[in-house]
Amino acid sequence: MNHLDLNQSNPRSFRTRARAAMPLLRMRYWLVCLGFLVWGSLIVSKLMWLQVLRHKEFVEKAQKQQQHTFEVAPRRGVLYDRNLRELAMTVQADSVFAVPSEIDDKKATVHALAQVVHVGNDSSPVDAWTSEDQILSRVSASRNFAWVARRLSPEVAAKVKVLNLKGVYFQKEFQRFYPDNEIAAQVLGYVGVDDNGLGGMEQKFDGRLHGEPGRMYAAMDARRHVMGSTEREPEPGENLVLSIDENIQFIAEKALDAAMLRTRAANGTAVVQDVHTGQILALAIRPTFNPNDFRHTTPQLLRDHAVSDVYEPGSTFKLVTYASAIDQHIVTPDDKIDCQGGAITFNGRTIHDDKSDHYGVITVHEALEHSSDVAAVKLALRMGPDHFYEYIRNFGFGSRSGLELPGETRGLLRPPPRWGSTSIGSIAIGQEVAVTPVQLVAMVSTIANGGVYLPPHVVIASQGKDGRVTGQQGNQLTAQPFHAGEELPATLPPGAHRVISTLSAAEMRKMMEGVVLYGTGKQAQLNGYSSGGKTGTAQKIDPVTRTYSKTMHVASFTGIAPINSPVIAVAVVLDDPKGGGVSYYGGAASAPVFAQIAQGTLEYLGVPHDIDLHAPRAAKNESPKDEEHEQEHTGDVSALMAALNDLPQDDPLREAVANARAASAEPKPAKVATKSETAETMPAEEHTATASQPVEPVVEMVSVALPANMVKVPSLIGMPVRQVVMEAAAAGLNLQVQGRGLVRSQEPAAGSPVKPGSQIVVHCAR
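Thresholds applied
- Residues numbered from 1 in each chain as written.
- Predicted model: local features only at pLDDT ≥ 70, side-chain atom pairs only at ≥ 80, totals over all residues.
- Heavy atoms only, no water.
- Helix = DSSP H or I, 4+ residues; strand = E, 2+ residues; numbered from the N terminus.
- Buried < 20%, exposed > 50% of the residue type's maximum accessible area, 1.4 Å probe, protein only.
- Contact = heavy atoms within 4.5 Å.
- Areas by Shrake-Rupley, 256 points an atom, 1.4 Å probe, with all protein chains shown as cover.
- Pairing = 2+ DSSP bridges.
- Phe/Tyr/Trp six-rings, centres within 6.5 Å; stacked < 30°, edge-to-face > 60°.
- Lys NZ or Arg CZ within 6 Å of the ring centre and 35° of its normal.
- Axes fitted to C-alpha atoms, helices over the stretch in contact; angles between N-to-C directions.
- Parallel < 35°, antiparallel > 145°, perpendicular 65-115°, else oblique.
- Left-handed = near helix turned anticlockwise from the far one by under 90°.
- Nonpolar A, V, L, I, M, F, W, Y, C, P; charged D, E, K, R; others polar.
- Salt bridge = Lys/Arg side-chain N within 4 Å of Asp/Glu carboxyl O.
- Polar contact = N/O pair within 3.5 Å; in protein donor to acceptor, adjacent residues only side chain to side chain.
- Core = buried A, V, L, I, M, F, W, Y, C linked by side-chain atoms within 4.5 Å.
- Patch = residues over 30% accessible without salt bridge, like charges linked within 9 Å, V, L, I, M, F, W, Y side chains within 5 Å.
- Arc of directions from axis to C-beta.
- pLDDT = per-residue confidence, 0-100.

1. Structural notes on the overall build of the protein
Link 1 in the chain: Tallying secondary structure elements over the protein gives 24 helices and 30 strands in all.
Link 2 in the chain: Expressed as a percentage of the 766 residues in the protein, the buried residues total 50%.
Link 3 in the chain: Nonlocal contacts in the protein, meaning residues at least 24 apart in sequence, comprise 76% of its contacts between residues at least 6 apart.
Link 4 in the chain: Surface summary for the protein: the accessible area is close to 35500 Å², and the carbon and sulfur share equals 54%.

In structure tokens form, the structure reads like this:
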């Protein structure tokens, strides 16, 4: 029987076997389906992972491979003076970048570039940004983009183009440019390499000036060839109009330059304010810097001493004492006041006038002209601490003025509950209180304008994209030069308030004129204009000993002009004037600076003369009665320094004093002078024990080796004249003695290296 016959003869058996095999076939089918399902799920999951979850990541990678992105810097806003002259503007400059992947020999290319773009040669400090090592580091760290040098001068950029290096390209960038170089440098600040404002207005208003950056996208093929580009335009920054007048600023800076050369002061500050608006017309600081050369700027040069430094004002603060007493009707300028022969004792402390001043009963205006400490103390005692403190606060002391400059401190002023038993007397003569030059000029401006305090301002308007100039309150302005006003604006600015009455202010102005005509401020007289003011001389506090220094002073003068219709107020502060045969007193060091600034400013503004013109006069010797005296050290230094704890945490004075204390903690010898100062009979001007803010240590801590063929000046402080003569003879030095009694100060300072036979001057007092 064949096979076919067998199957046909047994169909039941075949069906049975087929039915038995069906479950196995179905299982195989479903296993295959399950396998396809798992395989498909994995593929879908992977696609989901790559195309959905990681979509953004791969798009960014693709863009990096296919596009090159440049951030296009916006044009920074312009800083104008009040006449719309550019003080800070933006120009275009060439910057150089490299695409490292296109460079065959990186070291050779970088070496060639550094030879051209690096400016850190013998003529200037090392510029690490463009040194060969720095450029190579940036090129090695990136594949697609690395800066080589930014904002090159046209000459340097031309040299780089001549090299014609592979993988090196140019990009136009905006560069900050200051047309007047050093003019108003501390007010303006400067802009760093990344277009960030550093210091001054550039820092304070960086957000408004900077604008919104744009972007440029360049598409590239596989060979890194540019196929096309798209851009997002940057939005330019806002323009600001400052109250600074470029010409008045120039006058102030030139006068301050001459004073620095004449007095050899450590630094100087001059502030000119419009008395009827509070606007700052000039703010000059010396030493200064060129913001166009920001790489060579130091933090010390950038510091704005007008708002960040404080000092005990001394006799200039007597204007507050007298104005407060007159406004409270305690006295009038013609009332008599008993100066008690030049001494007053209260709560166990005696305060003296100068030993040559033994005034009895004199008028109040004469007491101010002679700068009597006794009279000022008696007026403050009649007022009482609470009323006196209220006037001090209303004049703007002890609080920030709101001037639109970074780093402003509120100064040091304790409330009456924290005053000592004799603090009211010390504060009356300008001790135990520390102020800034801006606060000082705002105070005297209050007296000038009729008794209304106006917060000082340096920003008066902003300019939008449409070119319209609008004020801070939104009103439209037109650019006009400054014109002398005669009355306050109809609507006073925020923060303005009356301090003293109009009559009291007028009486104070006449008394200030008397100081210039008959008192200690004769060198502040003008030609063709009346003027008034007050001088002050302050001893600085040594941060090492926490005591008043016998050799470091602050000379100041604050005044107004003309008297009957004031236009400007000026404050001049010279830190530690030391030489050139010029006295360190305020009347000799700072009053002439006021005269030069005020004379030039009033002539520039075309203010009519209010007194007769006269021929230039030679300096004349003043009688001792016309000179200011040296105050006693009645201030409580510890209490003044303790007032630092009351300052807010963001007050720059806290950090500055902490830095000064840290610097003084290391025992190092003090820097000494190298020249003997010329001995002169100095005016016995008012000399106030004063705490200058130790922003920079008032004694520079450096090590000095004694030169060959030189001798050290011995310390003579506290010695009687007989012993001083012996010490000077033993050192081989000539001696000039001024006064009688014990030595109170000496010039040059102890330890100074001088030639044998040099003359030293000692000032004695009983």
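2. Quick word on the pairing of strand E14 (residues 343-346)
Link 1 in the chain: Of the two faces of E14, the one lined by Ile344 and Phe346 is fully buried and the one lined by Ala343 and Thr345 carries no buried residue.
Link 2 in the chain: Pairing of E14 with strand E15 (residues 349-352) involves 4 bridges; the strand directions are antiparallel. Paired with Ile344 across the strands is Ile351, a residue of E15.

3. Quick word on the packing of aromatic side chains
Link 1 in the chain: According to the stated counting rule, one finds 11 aromatic pairs in the structure shown.
Link 2 in the chain: Each member of the aromatic cluster is reached from another via a ring pair, and the members are Phe97, Phe145, Trp147 and Tyr169.
Link 3 in the chain: Over the ring of Trp147 we find Arg150; its NZ or CZ atom is 4.6 Å from the centre of that ring.
Link 4 in the chain: One cation-aromatic arrangement involves Lys161 over Phe170; the distance from NZ or CZ to the ring centre is 5.3 Å.

4. Structural notes on unusual backbone geometry
Outside of glycine, negative phi angles account for most residues, and trans bonds account for most peptide bonds.
Link 1 in the chain: Here the bond from Arg286 into Pro287 is cis, since omega is 0 degrees, no more than 30 degrees from zero.
Link 2 in the chain: Along the chain, Pro287 falls in the loop between strand E12 (280-286) and helix H11 (299-302).
Link 3 in the chain: Of note, the bond from Ala561 into Pro562 is cis; its omega dihedral lies within 30 degrees of zero at -20 degrees.
Link 4 in the chain: Of note, Pro562 is situated in the loop between strand E23 (547-561) and strand E24 (568-575).
Link 5 in the chain: We note that His329 has phi near 60 degrees; this positive angle belongs to a residue other than glycine.
Link 6 in the chain: Tracing the backbone shows His329 in the loop between helix H13 (318-327) and strand E13 (336-338).

5. Some points on the packing of helix H10 (residues 246-263) against helix H21 (residues 591-605)
Link 1 in the chain: Close contact between H10 and H21 brings their axes to 9 Å; oriented N to C, the two are set at 160 degrees. In this view, H10 runs roughly antiparallel relative to H21, as classed from their interaxial angle. Crossing handedness for the pair H10 and H21: right-handed. Of the residues in H21, those touching H10 at Asn247, Ile248, Ile251, Ala252, Lys254, Ala255, Leu256, Ala259 and Arg262 are Pro592, Val593, Gln596, Ile597, Gly600, Thr601, Tyr604 and Leu605.
Link 2 in the chain: For the contact of H10 with H21, the residue count by class is 11 nonpolar, 4 polar and 2 charged.

6. Comments concerning the pattern of salt bridges
Side chains carrying opposite charge are able to pair once their charged atoms draw close together.
Link 1 in the chain: All told, the structure shown has 17 salt bridges when counted by the stated rule.
Link 2 in the chain: The salt bridge partner of Asp206 is Arg76, with a shortest N-O separation of 2.8 Å. Of the two residues, Asp206 is situated in helix H9 (residues 206-210) and Arg76 in the loop between strand E1 (67-72) and strand E2 (79-80); the sequence distance between them amounts to 130 residues. Across the pair, Arg76 and Asp206 agree in class, each one buried.

7. Considerations on the packing of helix H18 (residues 437-448) against helix H19 (residues 502-518)
Link 1 in the chain: Packing of H18 against H19 leaves a shortest axis separation of 8 Å and a crossing angle of 115 degrees. By the criterion of interaxial angle, the relationship of H18 to H19 is roughly perpendicular. Along the contact surface, H18 presents Val444, Ile447 and Ala448, while H19 presents Ala505, Met508, Arg509 and Met512.
Link 2 in the chain: Within the contact of H18 with H19, the residues separate by chemical class into 6 nonpolar, no polar and 1 charged.

8. Some remarks on the environment of Arg400
Link 1 in the chain: Tracing the backbone shows Arg400 in the loop between helix H16 (385-394) and helix H17 (423-428).
Link 2 in the chain: Considered as a pair, Arg400 and Thr436 are 36 residues apart in the sequence and their alpha carbons are 9.7 Å apart.
Link 3 in the chain: Excluding residues that lie within four positions of it along the chain, Arg400 makes contacts with Glu408, Thr409, Arg410, Pro648, Asp650, Asp651 and Pro652.
Link 4 in the chain: A distance of 3.1 Å separates the side chain of Arg400 from the backbone oxygen of Glu408, its partner in a polar contact.

9. Some points on the environment of Leu742
Link 1 in the chain: By the element assignment, Leu742 lies in strand E28 (residues 742-747).
Link 2 in the chain: Here the alpha-carbon distance between Leu742 and Cys764, two residues 22 residues apart in the chain, equals 5.1 Å.

10. Considering the nonpolar core
Link 1 in the chain: Core analysis: the biggest nonpolar cluster contains 93 residues, and Tyr322 and Phe388 have the highest contact counts within it.
Link 2 in the chain: When residues of this core are assigned to their parent elements, the largest contribution, 8 residues, is made by H18.
Link 3 in the chain: Not counting residues up to four positions away in its chain, the partners in contact with Tyr322 are Val364, Ala367, Leu368, Ser372, Ala375, Ala376, Leu379, Met508 and Met511.
Link 4 in the chain: By size, the runner-up hydrophobic cluster in this structure holds 35 residues, among which are Leu256, Ala265, Val516 and Leu574.

11. Considering the environment of Gly430
Link 1 in the chain: Of note, Gly430 is situated in the loop between H17 and H18.
Link 2 in the chain: Along the sequence, Gly430 and Lys318 sit 112 residues apart, while their C-alpha atoms lie 6.6 Å from each other.

12. Digging into a nonpolar patch on the surface
Link 1 in the chain: A contiguous nonpolar patch, built from Leu24, Met27, Leu31, Leu34, Leu37, Val38 and Leu42 and spanning about 690 Å² of accessible area, is present on the exposed surface.
Link 2 in the chain: Within the secondary structure, Leu34 is located in helix H2 (residues 11-53).

13. Looking at the sheet that holds strand E27 (residues 734-738)
Link 1 in the chain: A sheet is described by the order of its strands in space; here 3 strands give the open sequence E27-E30-E28, paired in mixed fashion. Pairing within the sheet leaves two strands with one partner each, and these edge strands are E27 and E28. Neighbouring strand axes in the sheet, compared pairwise and without regard to direction, differ in orientation by 30 degrees on average.

14. Some thoughts on helix H5 (residues 132-141)
Turn by turn, an α-helix covers 3.6 residues, leaving residues three or four places apart pointing in a common direction.
Link 1 in the chain: Restricting attention to buried positions, one finds in H5 the residues Ile135, Arg138 and Val139. Seen end-on, H5 carries its buried residues on one side only, within an arc spanning 100 degrees. Along H5, the residues that are exposed and aim more than 90 degrees away from the buried face are Asp133 and Ala141.
Link 2 in the chain: The inward-facing, buried residues of H5 contact helix H4 (106-117) and strand E4 (146-152).

15. Points about helix H15 (residues 373-383)
Link 1 in the chain: With respect to burial, H15 is a largely interior element, 9 of its 11 residues being buried.
Link 2 in the chain: Buried within H15 we find Asp373, Val374, Ala375, Ala376, Val377, Lys378, Leu379, Ala380 and Met383.
Link 3 in the chain: After H15 finishes, the residue Gly384 shows a positive phi value of roughly 90 degrees.

16. Things to note about the side chain of Thr90
Link 1 in the chain: Take Thr90: it is sitting in strand E3 (residues 86-98).
Link 2 in the chain: At 3.2 Å, the side chain of Thr90 forms a polar contact with the backbone oxygen of Arg76.
Link 3 in the chain: Polar side-chain contacts of Thr90 include one of 3.0 Å to the side chain of Arg176.
Link 4 in the chain: Here Thr90 is in contact with Arg75, Arg76, Phe174, Gln175 and Arg176, once residues within four sequence places are set aside.

17. Overview of the confidence of the model for the protein
When pLDDT drops low, the exact placement of atoms in the prediction is not to be read closely.
Link 1 in the chain: Confidence in the prediction for the protein averages 79 pLDDT; 78% of positions are at 70 or higher.
Link 2 in the chain: Counting interchain partners and residues more than four positions distant, the pLDDT-below-50 stretch residues 121-126 has 6 contacts.
Link 3 in the chain: Counting contacts from residues 666-708, a segment whose pLDDT is below 50, to residues more than four positions away or on other chains yields 146 contacts.

18. Concerning the side chain of Ser372
Link 1 in the chain: Looking at the element boundaries, Ser372 is found in the loop between helix H14 (364-369) and H15.
Link 2 in the chain: Ser372 sits in the buried class, given a relative accessible area of 2%.
Link 3 in the chain: Reaching out from Ser372, the side chain makes a polar contact with the backbone nitrogen of Ala375 at a distance of 3.2 Å.

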